[in-house]
Amino acid sequence: MVTPEEVIKRSLDPQSAVISRDGLAKTIYSRLFDWLVEKINVSIGQDANSRSLIGVLDIYGFESFKTNSFEQFCINFTNEKLQQHFNQHVFKMEQEEYTKEAIDWSYIEFVDNQDVLDLIEKKPGGIVALLDEACMFPKSTHETFANKLYQTFKTHKRFIKPKLSRTDFAVAHYAGEVQYQSDLFLDKNKDYVIPEHQDLLGASKCPFVVGLFPKLPEETSKSSKFSSIGSRFKLQLQQLMETLNSTEPHYIRCVKPNNLLKPAIFENVNIMQQLRCGGVLEAIRISCAGYPTRKPFFEFINRFGLLSPQALEGNYDEKVASKKILDNIGLKGYQIGKTKVFLRAGQMAELDARRAQVLSGAAKKIQRRIRTHQARKRFILLREATISLQALCRGRLSSKLYENLRRQAAAVKIQKNARRYHTRKSYKKLHVAALVVQTGLRAMAAHKQFRFRKQTKAATKIQAQWRCHRETLYYKKLKKGVILSQTRWRGRLAKRELRKLKMASRETGALKEAKDMLEKKVEELTYRVQLEKRLRVDLEEEKNQEITKLQSSMEEMRKKVDETNVQLLKEREAAKKAIEEAPPVVTETQVVVEDTQKIEALTEEVEGLKANLEQEKQRADDAVRKFDESQESNEDRKKKLEESEKKVQLLQESVTRLEEKCNNLESENKVLRQQAVSIAPNKFLSGRSRSILQRGSESGHLSVDARPSLDLHSHSINHRDHSEVDDKPQKSLNEKQQENQELLIRCIVQHLGFQGKRPITACIIYKCLLQWRSFEVERTSVFDRIIQTIGHAIETQDNNDLLAYWLSNASTLLLLLQRTLKASGAAGMAPQRRRSSSATLFGRMTQSFRGAPQGVNLSMINGGVDTLRQVEAKYPALLFKQQLTAYVEKIYGMIRDNLKKEISPLLGLCIQAPRTSRASLVKGASRSVGNSAAQQALIAHWQGIVKSLTNFLNTLKSNHVPPFLVRKVFTQIFSFINVQLFNSLLLRRECCSFSNGEYVKAGLAELEHWCYKATDEYAGSSWDELKHIRQAIGFLVIHQKPKKTLDEISHDLCPVLSIQQLYRISTMYWDDKYGTHSVSPDVIANMRVLMTEDSNNAVSNSFLLDDDSSIPFSVDDLSKSMEKIEIGDVEPPPLIRENSGFSFLLPCSD
């Protein structure tokens, strides 16, 4: 430290020494850089006397890195300056040009960044000024500098303070927001010029170093002890801008195609960002909105005058001539200035195109004339030369042609004579050979015809004898077969009657159970009818009471109004009489006072009466309005009463039908008991004799059928060999039938598949049973074996494909049995009992089966046409039908339970949104780029359920399960989903939130979309089963819950939910997204009151739902829902196709 008296020396600590060393290095680097720039400028050879300057300014683009320091701040400051210059040059100059030319122009706004420049360089409150101020204080740090910035620019819209940093700051530049780290701002801005360093390097022996550090004047050295990099940078930038303002700049925007620095790769988003940041898009927008093309009048007329020559013929002004040219062309949207023509974008190209078209037409016209002249000249010369050449050629050709014709005539004459000689010689030889061949062939044909006639005569004799013998044998066999078939047929009818009686006795137990079930249903329906009657009586009483109350209130109101009117009239008359009968005035002052007081009193009374009258009128209007409301409510109640009456009528009809069924069952039980009693005494009779006796005593139709056979074959009745039947053929027939049954069982064990949506297994079983007459026998094992085969096949409960296959076959077979079999009639009834059989259950079934049933066509082997055999089913067949019904219900339940097991784990995950998903919902993740991916991840569990449902539906479709059963399955599955989700929502408070409601709503939308894709044929009313959870979720996500009343919530928003359920949801609701409240306390209080009133009802106290796992259909419903089934053309499988015992399965050809 130098003082006037002495020089004080002070030692530096390590940190100060490091700072001094770094300062010296920066100073040397700066002087070297300045020296290098000066040498380059000198070597370029600039002319100091030149008036024009051509310079290229290349700067860094806008920079925004992860860490932005003082260098990025200075570069972005430069870009802001240059962007302002670009805006002034492009936008302001453009609009000044339009203003100068006085054209019709609307001002276009553009983005001005002057506020950012003021934030950075304004004095004394700019960032650079504050940075210089902080550098001059030795104790200043980057933290104090940052706090100073926060305090100074806390209200500036371009200055942003980060939330998670105390020393960083952000500036909203024209190209975007950049966050700077102020840690090294002070160090990089300081530029100390230490005198010791200056003296040390100035005293160097190297002239190069001395030239870098020249000696400074004493005043300059004292005043410039502290210098700032920022200030110097700002000063240099100001000089640069002055240079740019004094020149005419042209801008070249360089675009970086990709960040990988590789060819043929274009990043569209990056390039678009660069164009937007550089103001190119804004310049293009203004250029397109303005007039980018402009031409002086002289240049415009000189170039485009040929488009409209008539505009140049008169002595018009240049401006008028330019306008006429544009008008003749038909351009619109242009502007005519004072000295120039202003054209829109694209109009200049259109003018050039038309000019080129005119010039091209003129050039073509000139070329056409010249080419025509040249072509005609060449043609005349060519024609003259051609004529002379043709004359020479034609003379030479004519002489040659004459010589050729003469030689040809001589050759033809020689050839004619030679050919005639050779032809005559060959003809004579051929004529002799033909005569020899014809003689031999005619002799051979005569011999052959003779032998054929001889053989034909012998064959005719042999055929006559053989046909006579064959017809005789056929007649004898036919006669013997007819007698044998009549005998067996009569025996079979006798056995059939015996089996009917045995079967009727066995059906008593099953009918008794059906009777008990129907009695229970009748009791339930009777209770419901009584309950409906009580409700109807109560509604009528309440209606009458309300009507009487309203009528009485109306009469009272009318009486009060009449009394008020009468009283008012009386008061008015009394007031008039009092005024007329007033005594003569004695004391004038007193009388006037008394009259005035009376009048005032009367006036007050009149006003009071008027007020009372108005009140009474208002009460009357209120009463009328209440009466109208009561009438409307009465009308509504009448409608409801009529609807309830219709329901009661329907219930009564169902009760009557059930009573008829019960009566029919009772009558059938009595008939079956009588049949069982009649069967007992006949045990000891032989099979044939007992059947013959019963036939003869009970029915007469057999004797009628037997008469033709007796008349036809009466001569053969006495022969014993035709009336008796051997036991050996019967045994062989049973063995063959057993073999066929074994083959059938082996065949149905295999997966036979489908043919035209028809299960082959069910069709084969039905046709075989019908052909073997298994439905009409008393004892057979084929039904048990079929049932056992189905039972073994469905033991693997997890294989949905196999279960769906057997469900399709079992339901189809059950449908065929339902539409084909009929229960056996009451054969042992008395004649008078049989006449009334149509009133019984089996009698009505028989009547319904008399017509041609719809849905089953079977190709019969014997008849050869498509007919349907109605079979009187015996006990084994009816038992088989019941077992088949049980298996259909069992397989249906197994399939439904498998799907429930598969989706149950997913339902536990679907009721509550994941935490990450909930956070994204609360923070508004929809604004992120990956919104679609987040939404997909959010409903992944719901999509798992949809995937399971889709796979399950595809499995049922591939196995052609009836759509009726598919609808029932999915209806129960959706009911299960509704119960599980709704109960979980009521039992877990964390699920009753707003964001969780949005999550479940998105999942329910996925299920709705699935139902739409599945169509009503398979989905049915499945979507309606989710009504509880849909209304509960709709209540969770609705806004402004405190404004909703209890009537709106219970009738409009959630009509299905009970008061207990609504109270549970309302009290457990919490909004984790917007922080809103649940319903108002008044609504909660009203809910509590209603819950207290309903506390006596045990059913209403439970707010949870129950899952219904019953079978939701009957055999009749299944039969009505399924369509017509054609089984006549079903191809049998290869295993039984070649077997002769199954030839009846082959489809008959027309």
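Keep in mind that what you see is a predicted model, and the values were worked out from it rather than measured.

Student: An account of the pattern of salt bridges is needed here, citing residue identities and associated values.
Tutor: Applying the stated criterion across every chain yields a total of 18 salt bridges. Here Arg354 makes a salt bridge to Glu350, at a shortest N to O gap of 3.2 Å. On the criterion of helical spacing, the pair formed by Arg354 and Glu350 is a turn pair, its members being four residues apart in helix α16 (residues 347-506). Arg354 gets classed as partly exposed once you look at its relative accessible area, which sits at 29%. Residue class for Glu350 comes out partly exposed when judged on its relative accessible area of 32%. Put simply, Glu497 and Lys500 hold a salt bridge, and the shortest N to O gap is 3.7 Å.

Student: Pulling in residues and values, what's your account of the pairing of strand β2 (residues 168-173)?
Tutor: Counting buried residues in β2 gives six out of six residues, a clear majority hidden from the surface. Across the two faces of β2 the burial is the same, with Asp168, Ala170 and Ala172 and Phe169, Val171 and His173 all buried. The pairing of strand β1 (residues 159-160) with β2 spans two bridges and is classified as antiparallel. Residue Phe159 lies in a different strand from β2, and its bridge partner there is Val171.

Student: Just give me the short version of the environment of Asp1107, but keep the residues and values in it.
Tutor: By the secondary structure assignment, Asp1107 is in the loop between α37 (1081-1093) and α38 (1115-1121). Classification of Asp1107 as partly exposed rests on a relative accessible area of 28%.

Student: Before we move on, can you summarise the side chain of Arg758 with the specific residues and values?
Tutor: Take Arg758: it is sitting in strand β10 (residues 758-759). With a relative accessible area of 15%, Arg758 lands in the buried category. Apart from residues no more than four positions distant in its own chain, Arg758 is found in contact with Gly753, Cys763, Ile1125, Glu1126, Ile1127, Asp1129 and Val1130.

Student: Kindly report on helix α3 (residues 114-121), identifying the contributing residues and their values.
Tutor: Burial of α3 is extensive: six of the eight residues sit out of reach of the surface. Among the residues of α3, Asp115, Val116, Leu117, Leu119, Ile120 and Glu121 are the ones counted as buried. Taken together, the buried residues of α3 touch α2 (70-101), α4 (127-136), β1, β2 and α10 (229-245).

Student: Go over the packing of helix α32 (residues 963-987) against helix α36 (residues 1059-1068) with me, naming the residues and quoting the values.
Tutor: Their axes nearest at 9 Å, the elements α32 and α36 cross at an angle of 55°. Taken together, the axis directions place α32 and α36 in an arrangement best described as oblique. From α32, Phe982, Leu985, Leu986 and Leu987 reach across to α36, where they touch Gln1061, Arg1064, Ile1065 and Met1068. Looking at the contact of α32 with α36 residue by residue, the class counts come to six nonpolar, one polar and one charged.

Parameters and conventions
- Residues numbered from 1 in each chain as written.
- Predicted model: local features only at pLDDT ≥ 70, side-chain atom pairs only at ≥ 80, totals over all residues.
- Heavy atoms only, no water.
- Salt bridge = Lys/Arg side-chain N within 4 Å of Asp/Glu carboxyl O.
- Helix = DSSP H or I, 4+ residues; strand = E, 2+ residues; numbered from the N terminus.
- Buried < 20%, exposed > 50% of the residue type's maximum accessible area, 1.4 Å probe, protein only.
- Pairing = 2+ DSSP bridges.
- Contact = heavy atoms within 4.5 Å.
- Axes fitted to C-alpha atoms, helices over the stretch in contact; angles between N-to-C directions.
- Parallel < 35°, antiparallel > 145°, perpendicular 65-115°, else oblique.
- Nonpolar A, V, L, I, M, F, W, Y, C, P; charged D, E, K, R; others polar.

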